[in-house]
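This is what each chain is made of:
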Amino acid sequence: MSDAGLRERVRALIEDEARLLDDQDFEAWLALFTPDCRYWVPVSLDQTTPGDGVAHFNDDKQLMAARTHRLLNPRAFGAEPSPRTAHVVSGVRIDAVDDDGTVHASSSQIILEYRRRDRFEEDSRVFGGRVRHVLRATGSGLRIALKRVDLVNAEGSMNALAAPF
Amino acid sequence: MVGGMATLLNSPPRLDPSALVRPGRVHRSVYTDAEIFRLEMERIFSRAWIYLAHESEMPAAGDYVRRHIGSRQVILTRDRDGAVHAIPNRCSHRGTTLCAFDRGSAPGGHSCPYHGWNFAADGRLRGVPQRSNYEGVLELGDYDLQPVRVAAYRGFLFGTLDAEAVPLVEFLGHMATSIDDLVDRSPSGEVVCSPHVLRHHYRGNWKLSFENLNDTIHPGFAHSASVVSAKAVAAGLEEGEPLAASLGMMLANGKPIQFFQDLDMVTTPRGHSYIGGHMGASYTADTQSAYAQALIAHHGPDKAARVLGTDRHLMLLYPSSTWHARYQTVRIVRPVRHDLTEIIGYTFRLPGAPEETYRNAVEYCTGANSAASPVIADDLEVYERIMDGNGFDAREWVPMSRGLREDREAVPGLTRSPATSEAFIRNQFAAWADYMGAAA
Ligand code: FES
Ligand SMILES: [Fe+2]
């Protein structure tokens, strides 16, 4: 496939992934990931592997499934009313392609989040930063093996985070 | 923030702290009154030993970290002779904070960004640019920064602003054994603090997290949605697919209450406490045996067995930190305002132990201290709702009477109660009233 064709496919996948989160279509979202995937939001841009230290999110697929299952559970008052998000995806790039077809892509993303808690302007938050995807070629197309979100405030102190970025 | 005047104390005199704590109940203004918070900073956080840092965070001469003692910022710096000093992060010229980073290296001392006054690790004013302007006016020695008293217990550094404070070991009392529990798990005798630190905060009073962490009744309710979700995922696993450790932690909150009723809670003077272990996560067989071998080589078989056999859940070291020895995690509770608290999580490597021990620590700290942890998100929500709810209504007193008649054993320096008891909260408020009772 041409470089432009691959880039187009990768961009579509990253945009679709973000859209599925905004739509809270978590089943379809999880299906975009490989069974051995990792969803990772480190606490420092210096971190190199998910094992090298604590993280805001360091999820395998089971935890991703439990987390998103809970988001839709009305008994999860820590996430109720459930947050609404809008992802803005921009600047998708292919940084490298391995011999086996694994694609390393990055994008800039801004995530607007709203959760009505009667705290006025604090109910809306803005997150953002560089998002890295490692996409593995599988029988059913490219699947996400790693999603790493490097927030601009990775080292910062967070209040409750219910929705994945 | 909701709150304000309605939350202030009406009947007993508002700022007489001894009137705010009664047997089995506490006045809600201790959470909601900004003036009481100010008194706490003066009377509790200026008197107690406050956990600051671990020696390994400042390995070389000139290395420093910035920390808090209540509302005050302090800088801890290692000097050329290897000693660690703490000084206020405040220039003695016009009060500018000297240092804006949480950690770094300042082998040439701390220079003020405003007019360049320079301070040594121990606070000595070493240099003032344009010295000639001060000829006969300013003695450098008059503007040294007053060092903060620091003491170490097995590499963990504590500070106090009280020159009269009892020695650190006396402050720790029986709780020193929980710090031993952490350090003794290292087959090299060393523990090393990870540079990666996990911070979260909530719009609520600092005491709320101290009163939550060893509350074993709340998980079955507050965290039930996580249990439901973890069970749903577990039910969908393929044959033979192992359950992720993170889900195991979520499921631990679904244990029957009788389990916690049978477990011990230990409270000690000065507001400290811990409960027996219940997370039950173990190492893989390979790690277990390699780790046991390494510990036996270091401690001998008897002590190694004792170390590995110790299973305590969180130790709450009032009023500044919470410790999980089994998972090498220490969290600092940083009071920012009466309605704003930051929790800062540190993990430790045990050099000589299998890598899996560090992975477990990281996994625990991430699950127990990330704002994104489904379990923590529930706790944070509750803290903020407690602040909201205590901001109105005529009911002024908050009961803390659960298990009031259930203490199991009391010997000097230590009381044993069921882990379901609110004895640890009563114990915290006994210490609180003690610290707050008399003006400094
Ligand atoms: S304020 Fe620090 S040197 Fe002037
Ligand atoms: Fe909790």
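These figures come from a predicted structure and were not determined experimentally.

What follows concerns the overall build of chain B. Broken down by element type, chain B carries 14 helices and 23 strands. A compact globule built from 440 residues should have a C-alpha radius of gyration of about 22 Å, and chain B, at 23 Å, falls within 12% of that. Dimensions of chain B, computed from the C-alpha atoms along their principal axes, are close to 80 × 60 × 45 Å. When the 440 residues of chain B are sorted by exposure, 57% land in the buried category. Residue pairs at least 24 apart in sequence account for 66% of intrachain contacts in chain B once pairs closer than 6 positions are excluded. For chain B, the computed accessible surface area is about 17,800 Å², with 52% contributed by carbon and sulfur atoms. Side-chain charges of chain B comprise 43 positive and 50 negative groups, with the mean position of each set lying 3 Å from the other.

As a further point, take the interface of chain A and chain B. With 34 residues of chain A at the interface, the matching set in chain B holds 45 residues. Taken over both partners, the interface formed by chain A and chain B buries close to 3,300 Å², and the fraction arising from carbon and sulfur atoms is 54%. Area buried by chain A at its contact with chain B is led by Val54, Gln62 and Phe77 of chain A, which between them contribute 21% of it. Applying the counting rule to chain A against chain B returns 7 salt bridges. In this structure, the salt-bridge partner of Arg117 of chain A is Glu381 of chain B, at a minimum N-O distance of 3.1 Å. When contributions to the side of chain A that touches chain B are tallied by element, the ones reaching two or more residues are strand E2 (55–59) and helix H3 (61–71) of chain A. For the side of chain A that touches chain B, the leading source of residues is H3 of chain A, giving 7 residues. In terms of residue class, the side of chain A that touches chain B is built from 12 nonpolar, 12 polar and 10 charged.

A separate point is the sheet that holds strand E2 (residues 25–27) of chain B. An order of E1-E2-E21 (chain B) is seen for the 3 strands of this open sheet, with the pairing classed as antiparallel. Edge positions in the sheet fall to strand E1 (21–22) and strand E21 (397–399) of chain B, since each of these pairs with one other strand and no more.

Residues and elements named next belong to chain B. Surrounding the iron ion (ligand 2) are the protein donor atoms His218 (NE2), His223 (NE2), Asp379 (OD) and Asp379 (OD), which sit 2.1 to 2.3 Å from the metal. Here the iron ion (ligand 2) is ringed by 4 donor atoms whose angles at the metal span 57 to 147°, and the overall shape comes out irregular. Motif for the iron ion (ligand 2), donor spacing along one chain: H-x4-H-x155-D. Per residue, the accessibility class of His218 equals that of His223, and both read buried.

Looking now at the sheet that holds strand E5 (residues 124–138) of chain A. Residues and elements named next belong to chain A. On the basis of which strands lie adjacent, the open sheet formed by 6 strands has the order E2-E1-E6-E5-E4-E3 and mixed pairing. For this open sheet the edge positions go to E2 and strand E3 (84–97), each flanked by a neighbour on one side alone. If you compare each strand with its neighbour and ignore which way they point, the axes differ by 20° on average. As defined by bridge partners, strand E4 (residues 103–114) adjoins E5 across 12 bridges and the pair is classed as antiparallel.

Turning next to the pattern of salt bridges. Applying the stated rule across the entire model yields 38 salt bridges over all chains. Between Asp181 of chain B and Arg185 of chain B there is a salt bridge, with the nearest N and O atoms lying 3.0 Å from each other. Note on accessibility: Asp181 of chain B and Arg185 of chain B belong to one class, buried. Connected through shared salt-bridge partners, Arg115, Arg117 and Arg119 of chain A together with Glu381, Glu384, Arg385 and Asp388 of chain B make up one network.

Residue and element names in this part refer to chain B. Domain assignment breaks chain B into domain 1 (50–160) and domain 2 (174–437). Summarising the inter-unit geometry, the C-alpha centres of domain 1 and domain 2 are found 33 Å apart. Each partner contributes to the interface: domain 1 provides 15 residues, whereas domain 2 provides 23 residues. For the pair domain 1 and domain 2, the summed buried surface comes to about 1,600 Å²; carbon and sulfur atoms form 63% of the total. Considering only the side of domain 1, the residues that lose the most area to domain 2 are Tyr51, Arg154 and Phe156, jointly responsible for 37% of the buried surface there. Where domain 1 meets domain 2, there are 3 salt bridges. Between Asp184 and Arg154 there is a salt bridge, with the nearest N and O atoms lying 2.9 Å from each other. Linking domain 1 to domain 2 there are 9 residue pairs in polar contact (both at pLDDT 80 or more). Secondary-structure elements contributing two or more residues to the side of domain 1 that touches domain 2 are strand E3 (50–54), strand E4 (63–69) and strand E12 (156–160). Taken together, the residues of the side of domain 1 that touches domain 2 sort by class into 6 nonpolar, 4 polar and 5 charged.

The rules behind these values
Residues numbered from 1 in each chain as written. Chains lettered and ligands numbered in written order. Predicted model: local features only at pLDDT ≥ 70, side-chain atom pairs only at ≥ 80, totals over all residues. Heavy atoms only, no water. Helix = DSSP H or I, 4+ residues; strand = E, 2+ residues; numbered from the N terminus. Rg over C-alpha atoms; globule rule 2.2 N^0.38 Å. Buried < 20%, exposed > 50% of the residue type's maximum accessible area, 1.4 Å probe, protein only. Contact = heavy atoms within 4.5 Å. Areas by Shrake-Rupley, 256 points an atom, 1.4 Å probe, with all protein chains shown as cover. Lys, Arg positive; Asp, Glu negative; His and termini not counted. Charge placed at Lys NZ, Arg CZ, Asp CG, Glu CD. Buried area = accessible area lost by both parts, 1.4 Å probe. Salt bridge = Lys/Arg side-chain N within 4 Å of Asp/Glu carboxyl O. Nonpolar A, V, L, I, M, F, W, Y, C, P; charged D, E, K, R; others polar. Pairing = 2+ DSSP bridges. Donors = N, O, S within 2.8 Å, 3.2 Å for Na, K, Ca; no water. Tetrahedral: all angles 85-135°; square planar, octahedral: opposite > 155°, others 65-115°. Axes fitted to C-alpha atoms, helices over the stretch in contact; angles between N-to-C directions. Domains from an automatic or database assignment. Polar contact = N/O pair within 3.5 Å; in protein donor to acceptor, adjacent residues only side chain to side chain.

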